[in-house]
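Summary of the model geometry
These are the residues of each chain, in order.
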Amino acid sequence: MDVVDRFCSYISFDTQSDENSTSCPSAEKEKRLAEALVQELQCLGLKDARMDSYGYVYARLNATPGREDVPALGLIAHMDTSPDAPGANVHPRRIRCQGGSLPLDAAGDVILDEQTLAPYVGQELIVTDGTTLLGADDKAGIAEIVSAAAYLLEHPDIPH
């Protein structure tokens, strides 16, 4: 699975936080993605992958032999999405940025403006259909972290 496939998988989980909650996580539904991440990390070979009672996911990629004394690096991202827009039934679209503005919803009420898109002309983008948040903040970060771990596990010759 590549980083885009991972990202698209992760955004299918509704992890919208509840700003009125006093619990952690603020919504129990956030733990569904956490459980899926633990399963995925274990399948990759990170046997100690686990979720704590707060929904935090932990895993360790051991150092390559001879690198055990190098300081460890922690990679951190969050799973929850903003309560400002729906987080369920996300329908991502992959588009090639042509320049100009980009209407995200069918009515044209939600638009990415030309100035925002200018640095991405010619690139493929993943965008929302305008009815929900995409969840890229920070499921894209999670996808990058898991993909980096997968790459290092597949390439044990790379010192880490």
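Residues numbered from 1 in each chain as written. Predicted model: local features only at pLDDT ≥ 70, side-chain atom pairs only at ≥ 80, totals over all residues. Heavy atoms only, no water.

1. A few points about the overall build of the chain
Broken down by element type, the chain carries 4 helices and 6 strands. Along the chain direction, N to C, the helices and strands of the chain fall in the order α-α-β-β-β-β-β-α-β-α. Considering only C-alpha atoms, the chain reaches an extent of 55 × 40 × 25 Å along its principal axes. Here the chain holds 160 residues, and 29% of them are scored as buried. Once local pairs closer than 6 in sequence are excluded, the contacts in the chain between residues at least 24 apart make up 65%. Within the structure as shown, the chain displays about 9,900 Å² of accessible surface, and the carbon and sulfur contribution to it stands at 52%. (Helix = DSSP H or I, 4+ residues; strand = E, 2+ residues; numbered from the N terminus. Buried < 20%, exposed > 50% of the residue type's maximum accessible area, 1.4 Å probe, protein only. Contact = heavy atoms within 4.5 Å. Areas by Shrake-Rupley, 256 points an atom, 1.4 Å probe, with all protein chains shown as cover.)

2. Considering helix α2 (residues 30-44)
With 15 residues, α2 ought to run about 21 Å at 1.5 Å a step, and its terminal C-alpha atoms sit 22 Å apart, in line with that. Contact partners of the buried residues in α2: α1 (3-10), β1 (50-51), β2 (57-58) and α4 (136-154). Once α2 ends, the next one or two residues include G45, with phi positive near 120 degrees. (Expected span 1.5 Å × (residues − 1).)

3. Topic: the state of the cysteines
For the coordinates displayed, the defined rule picks out 0 disulfides. Cysteine C8 is unpaired, with the sulfur of C97 as its nearest cysteine sulfur at 17 Å. C8 sits in the partly exposed class, given a relative accessible area of 27%. As a non-bridged cysteine, C43 has C8 as the owner of its nearest cysteine sulfur, 20 Å distant. (Disulfide = S-S within 2.5 Å.)

4. Quick word on α1
Buried within α1 are the following residues: R6, F7 and Y10. One face of α1 carries all of its buried residues, which in axial projection span an arc of 100 degrees. Lining the buried residues of α1 we find α2, β6 (124-127) and α4. Between a side-chain oxygen at the N-terminus of α1 and the backbone nitrogen of V4 the separation is 3.2 Å; the capping residue is D2. (Arc of directions from axis to C-beta. Polar contact = N/O pair within 3.5 Å; in protein donor to acceptor, adjacent residues only side chain to side chain.)

5. Here we look at unusual backbone geometry
Cis rather than trans, the peptide bond between C24 and P25 has omega equal to 0 degrees. If you trace the backbone, P25 turns up in the loop between α1 and α2. D137 connects to D138 through a cis peptide bond whose omega is 20 degrees. Mapping D138 onto the fold places it in helix α4.

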